[in-house]
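Chain residues, written in single-letter form:
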Amino acid sequence: MSTSIATKTYEPCPPRAVAFLGLGVMGHAMAGHLAVAGHRVTVYNRTARKAEAFCAEFAGSRCAATPALAAAGADLVFSCVGNDNDLRSVTLGDNGAFAGMQAGAVFVDHTTASADVARELAAKAQARGLHFIDAPVSGGEAGAKNGVLTVMCGGDAAVFERMKPVAMAFSRAVTLMGPSGAGQLTKMVNQICVAGVVQGLAEAIAFGQQAGLDMTQVLEVIGKGAAQSWQMDNRGKTMAEGRFDFGFAVDWMRKDLGLVLDESQRNGARLPVTALIDQFYADVQAMGGGRWDTSSLIKRLK
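Think of each chain on its own: its residues are numbered from 1, step by step along the sequence as written. Two thresholds apply to this predicted model, a pLDDT of at least 70 for residue-level local features and 80 or more for giving and counting side-chain atom pairs, whereas whole-chain, interface and lining totals are computed over all residues. Heavy atoms from the whole structure form the basis of all side-chain values; hydrogens and water molecules are not counted.

S.K.: Mind showing me how you'd approach the overall build of the chain here?
M.R.: Secondary structure is summarised from DSSP: a helix means a run of H or I of at least four residues, a strand means a run of E of at least two, and numbering begins at the N terminus for each. Broken down by element type, the chain carries 13 helices and 9 strands. Here the chain has a C-alpha radius of gyration of 20 Å; the compact-globule value for 302 residues is 19 Å, and the two agree. Projected onto the principal axes, the alpha-carbon positions of the chain cover approximately 65 × 45 × 35 Å. Residue exposure (1.4 Å probe, protein chains only): buried if accessible area is under 20% of the type maximum, exposed if over 50%, otherwise partly exposed. Looking at the chain as a whole, 49% of its 302 residues qualify as buried. Within the chain, counting contacts between residues at least 6 apart in sequence, those at least 24 apart form 67% of the total. When the accessible surface of the chain is totalled, it reaches about 13,600 Å², and 53% of it is carbon and sulfur. Charge centroids of the chain, computed over 28 positive and 27 negative side chains, lie 2 Å from each other. Our radius of gyration is a C-alpha quantity, and the globule rule it is checked against amounts to 2.2 Å times the number of residues to the power 0.38. Contacts were defined at the residue level, with two residues in contact if any of their heavy atoms lie within 4.5 Å. Residue exposure ignores everything except the shown protein chains as possible cover, and the areas themselves are Shrake-Rupley values with a 1.4 Å probe. The charge count treats Lys and Arg as positive and Asp and Glu as negative. His and the chain ends do not count. To locate a charge, the coordinates of NZ of Lys, CZ of Arg, CG of Asp or CD of Glu are taken.

Here's what the structure looks like:
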């Protein structure tokens, strides 16, 4: 068993030929769970040495030089890349995955991207006789390593049922939220919630410290009441200690909140608090904290 992912009991699923495009912090672990669960995995990464390292770690997996070659013969092609343009680069063109996929194959995208690009690629996939599911995830690096991500999907229901058992290798919940784009819109809702909770927690901890309270004790007490949250349980103590090296980076959150705010311009939603917190994250970036995790909002209050 590889040391880069946690041991997990996998739900029974017939082995499938799958490809995984993008072996960053999230993708490496997700693809690793697919391999350990018994699927035949071919990987592609823009930096080839990461693909080579993956194949050295997970016996039986294969590396491919292009997304098209990785996708050739795969029943499902998964991706987890950086943004809309990265996603287009691994799907479209002569070397893109769509060019290599067999008719009826399913492309499952775990990138946090725009709902527009999800709909665009779903239409282009359909024109080629392929299927596309937008499937952003929540749970961060720890969730990927432990194989307990939450996956929110947009696409056709029958196609979703084909991909769900395979995606459960790295997930604890895989849910269809609606048609193409609905997965990305759901992830936007998630990020709005996270941003608000983290800012509230940052202000609370900074206030308590300024008041001279023992914040370890305070968080233990209020964590048993209505103020409890995942962020409090997992980041409260480390925020109080000034440690911010726990995965999801400020740079990534700003990218996500940019998607949220762009979508709100289109649909007319009013997001005054989210827009303000986005600017607070810009302050953290200006402090040199672009790679700190999102709980570093407290730094601008010090």
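Past the structure itself, the notes keep going.
S.K.: Even after reading the chapter, I still don't get the packing of aromatic side chains, so can you show me in this structure?
M.R.: What characterises a pair of aromatic rings is the spacing of the ring centres plus the angle enclosed by the ring planes. The rule is short: rings of Phe, Tyr and Trp, with Trp giving its six-membered ring, pair when the centres are within 6.5 Å, and they are stacked under 30 degrees, edge-to-face over 60, tilted in between. Applying the stated criterion across every chain, the model contains 7 aromatic pairs. Aromatic pair Phe-20 and Phe-78: ring centres 6.1 Å apart, planes at 15°, arrangement stacked. Of the two residues, Phe-20 sits in strand S1 (residues 17–21) while Phe-78 sits in strand S4 (residues 76–79), which places them 58 residues apart along the sequence. Aromatic pair Phe-54 and Phe-58: ring centres 4.6 Å apart, planes at 35°, arrangement tilted. A relative accessible area of 0% places Phe-54 in the buried class.

S.K.: How do you make sense of the layout of surface pockets when you look at a structure like this?
M.R.: If a probe as big as a water molecule is rolled over the atoms, it shows which places are left empty. Of the pockets and cavities examined, the second largest pocket occupies roughly 170 Å³. Of all the secondary structure elements, the ones that give two or more residues to the lining of the second largest pocket are helix H6 (115–127) and strand S6 (131–134). When residues are sorted by character, Ala, Val, Leu, Ile, Met, Phe, Trp, Tyr, Cys and Pro go into the nonpolar class, Asp, Glu, Lys and Arg into the charged class, and all the rest, Gly among them, into the polar class. For the lining of the second largest pocket, the per-class residue count stands at 6 nonpolar, 4 polar and 1 charged. Two kinds of site are reported from a 1 Å grid over the protein atoms alone, namely cavities, where a 1.4 Å probe fits but cannot get out, and pockets, open sets with protein on both sides within 12 Å along at least five of seven lines, and residues are called lining when an atom falls within 4 Å of a point. Grid points are joined across faces, edges and corners, and a volume is the space filled by probe spheres set on the points.

S.K.: Help me out: how do you make sense of the side chain of Ser-296 in this one?
M.R.: Tracing the backbone shows Ser-296 in the segment after helix H13 (272–286). The definition of a polar contact used here is a pair of N or O atoms within 3.5 Å, where within protein one atom must be able to donate a hydrogen and the other to accept one, and adjacent residues in sequence count solely through side-chain atom pairs. Among the polar contacts listed, one links the side chain of Ser-296 to the backbone oxygen of Asp-293, at a separation of 2.7 Å. The contacts of Ser-296, once residues within four sequence positions are left out, are Phe-244, Val-250 and Val-284.

S.K.: Honestly, the packing of helix H4 (residues 84–91) against H6 in this entry has me stumped. Any pointers?
M.R.: When two helices pack together, you describe them by how their axes are tilted relative to each other and by the distance separating the axes. To obtain an axis, a line is fitted to C-alpha atoms, over the contacting stretch when the element is a helix, and the angle between two such axes runs from 0 to 180 degrees between their N-to-C directions. Direction vectors running N to C along H4 and H6 enclose 15°, while the axes themselves pass 10 Å from each other. Judged by the angle between their axes, H4 and H6 are roughly parallel. The hand of the H4/H6 crossing is right-handed. In this structure, H4 uses Asp-84, Leu-87, Arg-88 and Thr-91 to contact H6, whose residues at the interface are Val-117, Glu-120 and Leu-121. Looking at the contact of H4 with H6 residue by residue, the classes come out as 3 nonpolar, 1 polar and 3 charged. In these notes the angle categories are as follows: under 35 degrees is roughly parallel, over 145 is roughly antiparallel, 65 to 115 is roughly perpendicular, and the rest is oblique. Throughout, a crossing is termed right-handed when the near helix is turned clockwise from the far one, and left-handed when it is turned anticlockwise from it by less than a right angle.

S.K.: What is the right way to look at empty space enclosed by the protein in this model?
M.R.: Per the stated rule, a full pass over the model turns up 1 cavity of 30 Å³ or more. There is about 50 Å³ of room inside the largest cavity. Lining the largest cavity, in full, are Tyr-10, Glu-11, Cys-13, Ala-37, His-39, Pro-165, Met-168 and Ala-169. For the lining of the largest cavity, the residue count by class is 6 nonpolar, 1 polar and 1 charged.

S.K.: Mind showing me how you'd approach the pairing of strand S5 (residues 106–109) here?
M.R.: On any regular strand, side chains alternate: one points to one face of the sheet, the next to the other face. Residues Val-106 and Val-108 line one face of S5 and the alternating positions Phe-107 and Asp-109 line the opposite face, and both faces are buried. Two strands are said to pair when DSSP picks up at least two bridges between them. With 4 bridges joining them, S5 and S6 adopt parallel strand pairing. Bridged to Phe-107 within S6 is Phe-132. With H6 bridging S5 and its parallel neighbour S6, the resulting β-α-β unit is right-handed. When the strands point away from the viewer and the connection leading from the first strand across the helix to the second strand turns clockwise, the crossover is called right-handed.

S.K.: I'm lost on the pattern of salt bridges in this one. Help?
M.R.: Opposite charge on two side chains allows them to pair when their charged atoms are near. Definition used for salt bridges: Asp or Glu carboxyl oxygen within 4 Å of a side-chain nitrogen of Lys or Arg. Overall, the coordinates contain 13 salt bridges when judged by the stated rule. Between Lys-224 and Glu-220 there is a salt bridge, with its nearest N and O atoms 4.0 Å apart. Residue Lys-224 is classed as exposed on the basis of its relative accessible area, which comes to 67%. One salt bridge in this structure joins Asp-278 and Arg-254, with 3.0 Å as the shortest N-O distance. Note that Asp-278 is positioned in helix H13 and Arg-254 in helix H12 (residues 250–267), a separation of 24 residues in sequence. For Asp-278, a relative accessible area of 6% puts it in the buried group. Arg-254 sits in the partly exposed class, given a relative accessible area of 24%.

S.K.: Quick question: what am I supposed to make of the nonpolar core here?
M.R.: Residues enter a nonpolar core if they are buried and are Ala, Val, Leu, Ile, Met, Phe, Trp, Tyr or Cys, with the set joined through side-chain atoms within 4.5 Å. Of all hydrophobic cores here, the largest spans 39 residues; its most connected members are Phe-20, Met-30, Leu-34, Val-43, Phe-78 and Met-163. Among the elements of the structure, S1, helix H1 (25–36), strand S2 (40–44), helix H2 (48–57), S4, S5, strand S8 (149–154) and helix H8 (157–167) are those that each provide at least two residues to this core. Discounting residues that sit within four places of it in the chain, Phe-20 has contacts with Gly-27, Met-30, Ala-31, Leu-34, Thr-42, Val-43, Tyr-44, Phe-78, Ser-79 and Cys-80. Residues Val-77, Met-101, Phe-107 and Leu-130 belong to the second largest nonpolar core, which totals 23 residues.

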